[in-house]
Amino acid sequence: MKTLLTQFQTYLNSMTGLQVEGRPLTAAGLPHYLGQAYALYALEIEGRSVLGIALREPEGFQPAQFEKQLPRLLNVSGPVDGYCVIASALSGYVRQRLIARRIPMVIPGRQINWPMLGAVVEPRSSDKPLPVPGDPLKPATQLVILHALNSGETQPVTARALTQTLGYTPMTMSRALDDIEANNLGRVTRVGRERQLDFPDGLPALWQRAQPLMRDPVRDTVRVWKEALPEQALYCAGESALARRTLLAAPNEPVWAIGRHAWKPLAKTLEPIPIPEPGAVQLQLWRYEPGVLASDGVVDPFSLYLNLRETRDERIQMELDAMMEEIHGQRTGPLS
DNA sequence: ATCTACATTCTCCCAACTGT
DNA sequence: ACAGTTGGGAGAATGTAGAT
């Protein structure tokens, strides 16, 4: 005869189509009487980890008592997305009580009562906001992708390597990888303890898919005196950058970009200038560090595109498109 | 090395206030 | 009544500490 666990797996899979994995959990640290009453399983249902609690003696089962014992059982499993009572049989009365208390229950071959299958069955409300596919990418995530696009690198990158090149903490990089996974923009694989990121569909496909999720790198623009700014923190940006990269004429007012960290100390001391003046410049305050992607002191073409794509001016649109064409040509051109 | 949970800082937006 | 400013609060983005 099949074990209760395999019965559970095949039954749930046939009823819901969900992928169900499971293995017995050794109940270290569990009081003896609880170990006698319940067999615990670590279940994996569509990527969610769930604690399976099988009743060894369904006859003596008491839902109210069970609810008190639940915290200790969840303690054994570590953090999980939910739990579920598994029993070979239960009296009608007990089934009713479980439903009333909203305790998820599966009786293989007979009954499933699991209101939130597919949603999170909360043992505790997990306050972790999972990345939502379709939301705008976070600045750090956008930077990870733009870095790949700019460097042309298709080899897998580790989270640690990104930490160093992009200047964020490991935690932020980890979340950026989550973000990329949730939006299906790249492939994240585990190599031992490490997570590695690559883009198997190629960079042109990445740009096409990621672009609608990306935001203008510029959070705000202010007019200030050029001489009040630290030269080494500035990068040629906006129309000025486009003029540097194409045949477009330079704008009347030079445009520069600056990152968060360099801007913070300046924010308090600098007075904004209300009208154009000789010696004044447009300063773009970026959501991420422009210097990471810049070359020759000019912001990278992808960020530049994201910055100017809404511009109405036809000359700018033409040069922008020409610039992106050229990049595309470099990537695929001579070899293909 | 990465993750969980909590802390801190930053952004953004709207309501209330100001002066015209 | 209206435009412009301000300030405060909610939520986003990132960081820190500690566990695994």
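A. Highlighting the protein's contact with DNA strand B. Neighbouring residues of DNA strand B: 13 residues in total, closest R160, S174, R193, R195 and K264. Taking the atoms of DNA strand B that fall within 4 Å of the protein, sugar and phosphate contribute 78% of them. At 3.0 Å from a phosphate oxygen of DNA strand B is found a side-chain nitrogen or oxygen belonging to R219. Note that a phosphate oxygen of DNA strand B is positioned 3.0 Å from one of the side-chain N or O atoms of R287.

B. Spotlight on the nonpolar core. With 64 residues, the main nonpolar core has I145, L146, W207 and L283 as its most contacted residues. Take this core: its biggest share by element is seven residues, from helix 5 (residues 139–151). When residues of this core are assigned to domains, at least three map to each of domain 2 (139–213) and domain 3 (218–313). Residues Y38, V80, V85 and L90 belong to the second largest nonpolar core, which totals 22 residues.

C. Quick look at the pattern of salt bridges. As enumerated under the stated definition, the model contains eight salt bridges in all. In this structure, R209 engages D201 in a salt bridge whose closest nitrogen and oxygen atoms are separated by 3.3 Å. For R209, a relative accessible area of 36% puts it in the partly exposed group.

D. Fine view of the protein's contact with DNA strand C. With respect to spatial proximity, the complete set of residues near DNA strand C consists of K138, P139, A140, Y168, T169, M171, T172, R175, R215 and R260. In DNA strand C, atoms within 4 Å of the protein come 56% from sugar and phosphate. T172 places a polar side-chain atom, nitrogen or oxygen, 2.6 Å from a phosphate oxygen of DNA strand C. Contact distances for DNA strand C include 3.2 Å between a phosphate oxygen and a side-chain N or O atom of R215. At three residues, helix 7 (residues 170–182) tops the list of elements feeding residues into the surface near DNA strand C. The residue makeup of the surface near DNA strand C, split by class, is four nonpolar, two polar and four charged.

E. Layout of the packing of helix 9 (residues 238–245) against helix 11 (residues 301–308). The contact between helix 9 and helix 11 brings their axes to 10 Å, and the two run at 130°. Relative to helix 11, the element helix 9 lies oblique. In this structure, helix 9 crosses over helix 11, and the sense of that crossing is left-handed. Counting all contacts with helix 9, which are made through G238, E239, A241, L242 and R245, the residues of helix 11 involved are P301, L304, N307 and L308. Looking at the contact of helix 9 with helix 11, its residues break down into five nonpolar, two polar and two charged.

F. Looking closely at the packing of aromatic side chains. This structure, assessed with the given rule, holds six aromatic pairs. Seen from their ring centres, F66 and Y83 are 6.4 Å apart, and the 45° between their planes marks the pair as tilted. Pair noted here: F66 is in helix 3 (residues 63–77) and Y83 is in strand 4 (residues 82–86), with a separation of 17 residues, a long-range link. Classification of Y83 by relative accessible area gives buried; the value is 7%. Geometrically, the ring pair formed by W207 and Y305 is edge-to-face, given 5.8 Å between the ring centres and 70° between the ring planes. Taken together, the residues span a long stretch of sequence, with W207 in helix 8 (residues 203–210) and Y305 in helix 11 at a distance of 98 residues. In this structure Y305 comes out as buried when scored by relative accessible area, which is 15%.

Parameters and conventions
Residues numbered from 1 in each chain as written. Chains lettered and ligands numbered in written order. Predicted model: local features only at pLDDT ≥ 70, side-chain atom pairs only at ≥ 80, totals over all residues. Heavy atoms only, no water. Near = heavy atom within 4 Å. Polar contact = N/O pair within 3.5 Å; in protein donor to acceptor, adjacent residues only side chain to side chain. Core = buried A, V, L, I, M, F, W, Y, C linked by side-chain atoms within 4.5 Å. Buried < 20%, exposed > 50% of the residue type's maximum accessible area, 1.4 Å probe, protein only. Helix = DSSP H or I, 4+ residues; strand = E, 2+ residues; numbered from the N terminus. Domains from an automatic or database assignment. Salt bridge = Lys/Arg side-chain N within 4 Å of Asp/Glu carboxyl O. Nonpolar A, V, L, I, M, F, W, Y, C, P; charged D, E, K, R; others polar. Axes fitted to C-alpha atoms, helices over the stretch in contact; angles between N-to-C directions. Parallel < 35°, antiparallel > 145°, perpendicular 65-115°, else oblique. Left-handed = near helix turned anticlockwise from the far one by under 90°. Contact = heavy atoms within 4.5 Å. Phe/Tyr/Trp six-rings, centres within 6.5 Å; stacked < 30°, edge-to-face > 60°.

Read these as geometric descriptors, not functional statements.
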